[in-house]
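Residues per chain, in single letters:
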Amino acid sequence: MKEFIEVYQENQEDIEKFIMTTLRNNGSILTEKAKNYKKTFQTFPSMELLYITDKDFNQTSPNISRSKTDESEVGKNRSYMSTKVMQKDEEFSISTPYISSATGHTCITVMKKEEDQYIFIDFTLSGLLGRLGLVELNPAFNSFTQFFYKAVGFSLMAFAFFAIMYALVGYASSILVEGNFSLDSLFKPIVALTLGLAIFDLAKTILEREVFFKNYSKEDEDANVLTKFSIAIIIALSIEALMVVFKIALHDYSQMVHALYLILGIALIIISLGVYSFLSKK
């Protein structure tokens, strides 16, 4: 999905000109009311939804899609849509890509003014780019890919919850059942909780980027994802290193060099992450 957003942004001006020119050349949309706007749907295979509002943005028509009509939306106020679209000329306004609450697809909305009414048309982003030859579409493969990302994302979330439950149950068991209050019983749950947080954050990022569209406006988002995940791992390793230092200090000072190696390794990871962040911003 991120690739679709990037392709759209690179060709946004040409795509918007194509849509506006085609709609102008096809004349008034309101005159197609009797035929349920079939001509407009035939002109734009990527078009998935159409509805009309009055000048106060109160919806006067049902939600009309290619295969069905939803009367339940009549009378709703759509003034919030006027804030989503950016005016291109006196007749047209177009939104940036967003996820449609009506269809669940990533789309753009075109608002066309005719007489004292506003016509809102949703275009699926993938269908629009495919129609213009900007991307190659394989619906079956795309569906499988989305299913795979969804399965992996929710599985990671499940493992994150298992790690959190392991930490809480293990801590409660060591204190209440075994009566063992030690550094081990304190630090091990903290490490498990930190790893659970890192795994959950990774799963959330996968689902947001590949399954549920959220926001792709930041150019350095990939760097931010790796940075957040790395920081969680560094915190977990640092806690583990602290626990090793305490264990060695209590039992055998001759093994302290191994704790030093672990701390130096963590320091190297921190330095590498700093270099990576610096180069990413450059």
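How each quantity is defined
Residues numbered from 1 in each chain as written. Predicted model: local features only at pLDDT ≥ 70, side-chain atom pairs only at ≥ 80, totals over all residues. Heavy atoms only, no water. 1 Å grid on protein atoms, 1.4 Å probe; cavity = no way out; pocket = protein on both sides within 12 Å on 5 of 7 lines; lining within 4 Å. Points joined across faces, edges and corners; volume = space filled by probe spheres on them. Helix = DSSP H or I, 4+ residues; strand = E, 2+ residues; numbered from the N terminus. Nonpolar A, V, L, I, M, F, W, Y, C, P; charged D, E, K, R; others polar. Phe/Tyr/Trp six-rings, centres within 6.5 Å; stacked < 30°, edge-to-face > 60°. Buried < 20%, exposed > 50% of the residue type's maximum accessible area, 1.4 Å probe, protein only. Lys NZ or Arg CZ within 6 Å of the ring centre and 35° of its normal. UniProt positions renumbered as here; feature names shortened; annotations may be inferred. Core = buried A, V, L, I, M, F, W, Y, C linked by side-chain atoms within 4.5 Å. Contact = heavy atoms within 4.5 Å. Patch = residues over 30% accessible without salt bridge, like charges linked within 9 Å, V, L, I, M, F, W, Y side chains within 5 Å. Areas by Shrake-Rupley, 256 points an atom, 1.4 Å probe, with all protein chains shown as cover. Salt bridge = Lys/Arg side-chain N within 4 Å of Asp/Glu carboxyl O.

This part is about empty space enclosed by the protein. As enumerated under the stated definition, the model contains two cavities of 30 Å³ or more in all. Its volume calculated, the largest cavity comes out at about 50 Å³. Lining the largest cavity, in full, are Leu23, Asn26, Gly27, Ile29, Glu32, Lys39, Thr40, Thr43 and Phe44. Considering each element in turn, the lining of the largest cavity owes the most residues, three residues, to helix H3 (residues 38-43). Classifying every residue of the lining of the largest cavity by side-chain character gives three nonpolar, four polar and two charged.

Summed over the entire model, instances satisfying the criterion amount to eight aromatic pairs. For the pair Phe159 and Phe162, a centre-to-centre distance of 6.2 Å together with 80° between the ring planes defines the contact as edge-to-face. Of this pair, Phe159 and Phe162 both sit in helix H6 (residues 139-177), three residues apart, which is roughly one turn of that helix. Residue classification places Phe162 among the exposed positions, given a relative accessible area of 56%. Grouped by ring-pair contacts, the aromatic residues Tyr51, Phe57, Tyr118 and Phe120 constitute a single cluster. Lying across the ring of Tyr51, Arg78 places its NZ or CZ 5.0 Å from the centre.

This next bit is on the layout of surface pockets. If you add up the space inside the second largest pocket, you get close to 370 Å³. In this structure, the second largest pocket is lined by 22 residues; those nearest its centre are Leu49, Asn63, Ser100, Ala102 and Thr103. A breakdown of the residues in the lining of the second largest pocket according to their chemical character gives eight nonpolar, seven polar and seven charged.

To continue, consider the UniProt feature "transmembrane region" (unreviewed entry) in the chain. Residues annotated in UniProt with the feature "transmembrane region" (unreviewed entry) correspond here to residues 147-169, 189-207, 228-250 and 256-279. As annotated, residues 147-169 has a helix share of 100% and a strand share of 0%, and its two end C-alpha atoms lie 32 Å apart. Secondary structure content for residues 189-207 is 100% helix and 0% strand, while the C-alpha to C-alpha distance between its ends is 27 Å.

For the rest of this paragraph, the subject is the nonpolar core. Judged by nonpolar contacts, the single largest core of 28 residues is most densely connected at Ile19, Leu23, Leu50, Ile108, Ile121, Phe123 and Leu129. Of all elements in the fold, only helix H1 (2-10), helix H2 (12-25), strand E1 (47-53), strand E5 (92-95), strand E7 (106-114), strand E8 (117-124) and helix H5 (125-131) reach the threshold of two or more residues within this core. Aside from chain neighbours lying at most four places away, what touches Leu129 is Phe4, Val7, Tyr8, Ile15, Leu134 and Val135. Leu49, Tyr51, Met81 and Met111 belong to the second largest nonpolar core, which has 10 residues in total.

The next point concerns the side chain of Thr53. In this fold, Thr53 is placed in strand E1. When near neighbours in sequence (up to four residues on either side) are disregarded, Thr53 contacts Asn58, Gln59, Thr60, Arg78, Gln117, Tyr118 and Phe120.

It is worth spelling out a nonpolar patch on the surface at this point. Together, Phe141, Phe144, Phe147 and Phe148 give the surface a local cluster of nonpolar side chains, amounting to about 490 Å² of exposed area. As for its placement among the helices and strands, Phe147 is situated in helix H6. Judged by relative accessible area, Phe147 falls into the exposed class, the value being 56%.

Tallied over the full model, the rule gives eight salt bridges. We note a salt bridge from Lys88 to Glu16, for which the minimum N-O separation is 3.3 Å. Remark: Glu16 occurs in helix H2 and Lys88 occurs in the loop between strand E4 (85-87) and E5; sequence separation between them is 72 residues. Under the relative-accessibility criterion, Lys88 is labelled partly exposed at 33%. Between Arg78 and Glu73 there is a salt bridge, and its shortest N-O distance comes to 2.7 Å. Neither Arg78 nor Glu73 differs from the other in exposure class; each is buried. One continuous salt-bridge network, built from bridges that share partners, spans Arg24, Asp89, Glu91, Lys112 and Glu114.

Within the secondary structure, Ser100 sits in the loop between strand E6 (98-99) and E7. For the pair Ser100 and Asp54, spaced 46 residues apart in the sequence, the C-alpha separation amounts to 21 Å. Once residues lying within four places of it in the same chain are set aside, the contact partners of Ser100 are Glu48, His105, Cys107 and Asp122.

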